[in-house]
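Summary of structural features
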Amino acid sequence: MTEPLKRATISDVAEHAGVSRAAVSKVLRNAYGVSPAMRTKVEESMALLSYRPLALARGMRGNSYTLGVFLVDLSNTFFSVLVEGIRDVADELGYQVLIGQARQGLDAQRKLIEAMVDRRMDGLLLIAPFGPNEELEQLGRTMPVVVLGRHGPADYFDTVASDDIAGSALIVDHLVGLGHQRISMLANTMPESEPGMPQTVRRHGYNLAMEKHGLQEWIDHVLGRWGYESGLEAGRTIAQRPLAQRPTALHGGADVAALGAFTSLFDAGISIPADISLVGYDNVPSASLPPIGLTTVDQSGVQMGRQAAELLLSRIEGRSESKHILVPPKLIVRKTTAGPRGSE
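As the structure is a computational prediction, the values presented were derived from the model and not from experiment.

A few words on the side chain of threonine 248. Looking at where threonine 248 falls in the secondary structure, it is placed in the loop between helix H10 (228–240) and strand E8 (249–251). What threonine 248 contacts, discounting residues up to four positions off in sequence, is His180, Gln181, Arg182, Asp275, Ile276, Ser277 and Pro340.

As structure tokens, this is what we get:
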């Protein structure tokens with residue numbers, strides 16, 4: 001049986017014409033600054049490849065050449081790193097990026113996403129959205145959607161996420177290698193009904209890694225949320241424990257929370273890493289500042305953003321099968337981890 005021919009994409013046209021995808025996008029939009037020779041070259045490649053830009057579907061959405069980016073927390077600077085990668089791809093292809101931020105709460109999130117849909121954006125990139133998968137699937141049935149941070153599977157939208165199981169294992173393996181046993185985790189208290197959320201997957205990865213090293217008895221979730229204020233509170237909680245019940249190391253869950261814990265532990269006179277080793281997750285720019293030097297997990301945020309934008313644009317071009325990308329994490333060792341006191 002003969003397989004159906006693969007529909008040509010904007011990338012195929014660009015390669016055939018020997019031009020950038022941005023140039024093809026400009027021709028499609030009849031943008032200013034396209035030379036007659038360039039237009040002829042691109043249009044000839046489109047004809048030879050039988051390229052069709054799904055004009056009807058795009059026209060129904062307004063042909064706006066805008067991508068909507070939804071996020072819930074502007075204070076988490078990792079999100080701005082993701083947006084940087086999204087903007088890189090959008091700029092290359094002549095798309096505008098419009099960012100919307102909702103306050104905490106599922107109702108606020110729904111209203112903002114509905115507002116973005118009503119403004120006829122060509123597609124949506126949702127960064128770590130709350131809510132059940134069923135709502136995201138329903139949204140994905142109506143327009144192109146890519147979700148950053150949450151794990152698959154999904155039928156009607158794509159996902160790009162860090163391999164959070166592997167990332168938590170990197171943290172625990174590193175700390176165990178330094179001699180730690182009493183390793184706690186700042187665990188974001190989100191509903192277990194959302195198994196694909198990064199906070200749930202990272203917590204599961206921490207549990208698995210502790211069990212792998214035979215440290216089940218030391219599994220300890222310091223509850224809170226992944227924000228700076230919650231990190232401050234988690235650090236205070238740890239500082240108030242009797243010395244014998246304090247962890248000697250802490251998986252901070254996310255850099256923004258780990259930095260909060262760093263501050264309150266420091267204020268309490270607890271030395272990092274002499275008294276408690278601390279590891280973050282995300283590798284935000286502030287983590288590398290010399291006074292901090294936070295050991296953390298890097299998940300290539302800019303590249304994640306680029307991959308998500310490329311997936312969204314291929315959906316806008318007509319791809320319908322879902323794709324799910326896991327980005328391999330890498331441990332960045334800096335100044336906040338060392339062997340437990342007395343291990344020298």
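Text resumes after the structure shown.
Now for the packing of helix H1 (residues 10–17) against helix H3 (residues 36–48). For the pair H1 and H3, interaxial distance at closest approach is 9 Å and the crossing angle is 120 degrees. Regarding the angle of H1 to H3, the classification is oblique. For the element pair H1 and H3, the recorded crossing hand is right-handed. Where H1 abuts H3, its residues Val13, His16 and Ala17 lie against Lys41, Val42, Ser45, Met46 and Leu48. Its residues assigned to classes, the contact of H1 with H3 comprises 5 nonpolar, 2 polar and 1 charged.

Enumeration according to the criterion identifies 1 aromatic pair in this entry. Between the aromatic rings of tyrosine 65 and tyrosine 95, the centroid separation amounts to 5.1 Å while the plane-to-plane angle is 50 degrees, which identifies the pairing as tilted. Here tyrosine 65 is found in the loop between helix H4 (55–60) and strand E1 (66–71), whereas its partner tyrosine 95 is found in the loop between helix H5 (77–92) and strand E2 (96–101), with 30 residues between them in sequence. Classification of tyrosine 65 by relative accessible area gives buried; the value is 11%. One residue, arginine 202, lies across the ring of tyrosine 281, its end atom 3.7 Å from the ring centre.

Moving on to the pattern of salt bridges. Under the counting rule described, the total for this entry stands at 13 salt bridges. Notably, a salt bridge pairs arginine 319 with aspartate 158, separated by 2.5 Å at the nearest N-O pair. Placement of the pair is arginine 319 in the loop between helix H12 (301–316) and strand E11 (324–327) and aspartate 158 in strand E5 (residues 158–162), with a sequence separation of 161 residues. Comparing arginine 319 with aspartate 158 shows no difference in burial state: the two are buried. Taking the shortest distance from any N to any O, the salt bridge between aspartate 282 and arginine 202 comes out at 3.8 Å. In this pair, aspartate 282 is assigned in the loop between strand E9 (277–279) and strand E10 (296–298) and arginine 202 in helix H9 (residues 198–212), connecting sequence segments 80 residues apart. Among the residues examined, arginine 202 registers a relative accessible area of 4% and is labelled buried. Taken together, the salt bridges that share partners define one network made up of Glu92, Arg306 and Glu310.

In this section: unusual backbone geometry. Cis geometry is adopted by the peptide bond preceding proline 153, which originates at glycine 152 and carries an omega value of 5 degrees. Position of proline 153 among the secondary structure elements: in the loop between strand E4 (145–148) and E5. Isoleucine 272 connects to proline 273 through a cis peptide bond whose omega is 10 degrees. Of note, alanine 128 is a non-glycine position whose phi angle comes to about 45 degrees, a positive value. With respect to the helices and strands, alanine 128 occurs in the loop between strand E3 (123–127) and helix H7 (133–142). Positive phi, close to 60 degrees, is recorded for asparagine 283, a residue that is not glycine. Relative to the helices and strands, asparagine 283 is located in the loop between E9 and E10.

Another point: the sheet that holds E9. Reading across from one edge, E7-E6-E8-E9 is the order of the 4 strands in this open sheet, with parallel pairing throughout. Sheet topology places strand E7 (221–224) and E9 at the edges, where each strand pairs with a single neighbour. Across the sheet, the mean angle separating the axes of adjacent strands is 20 degrees when strand polarity is ignored. Taken together, the 3 bridges between E8 and E9 define a ladder with parallel strand orientation. The residue bridging alanine 249 from the neighbouring strand is serine 277, located in E9.

A word on the layout of surface pockets. Counted as a void, the largest pocket has a volume near 430 Å³. Elements with a contribution of two residues or more to the lining of the largest pocket: H5 and H9. When the residues that make up the lining of the largest pocket are grouped by side-chain class, the tally is 14 nonpolar, 9 polar and 5 charged.

The next subject is the pairing of E2. The pairing of E1 with E2 spans 6 bridges and is classified as parallel. Within the sheet, the bridge partner assigned to valine 69 lies in E2 and is isoleucine 99. Read as a crossover between parallel neighbours, the route from E1 over H5 to E2 is right-handed.

What counts, and where the lines are drawn
- Residues numbered from 1 in each chain as written.
- Predicted model: local features only at pLDDT ≥ 70, side-chain atom pairs only at ≥ 80, totals over all residues.
- Heavy atoms only, no water.
- Helix = DSSP H or I, 4+ residues; strand = E, 2+ residues; numbered from the N terminus.
- Contact = heavy atoms within 4.5 Å.
- Axes fitted to C-alpha atoms, helices over the stretch in contact; angles between N-to-C directions.
- Parallel < 35°, antiparallel > 145°, perpendicular 65-115°, else oblique.
- Left-handed = near helix turned anticlockwise from the far one by under 90°.
- Nonpolar A, V, L, I, M, F, W, Y, C, P; charged D, E, K, R; others polar.
- Phe/Tyr/Trp six-rings, centres within 6.5 Å; stacked < 30°, edge-to-face > 60°.
- Buried < 20%, exposed > 50% of the residue type's maximum accessible area, 1.4 Å probe, protein only.
- Lys NZ or Arg CZ within 6 Å of the ring centre and 35° of its normal.
- Salt bridge = Lys/Arg side-chain N within 4 Å of Asp/Glu carboxyl O.
- Pairing = 2+ DSSP bridges.
- 1 Å grid on protein atoms, 1.4 Å probe; cavity = no way out; pocket = protein on both sides within 12 Å on 5 of 7 lines; lining within 4 Å.
- Points joined across faces, edges and corners; volume = space filled by probe spheres on them.
- Right-handed = clockwise from strand over helix to strand, strands pointing away.

On their own, these measurements won't tell you what the molecule is for.
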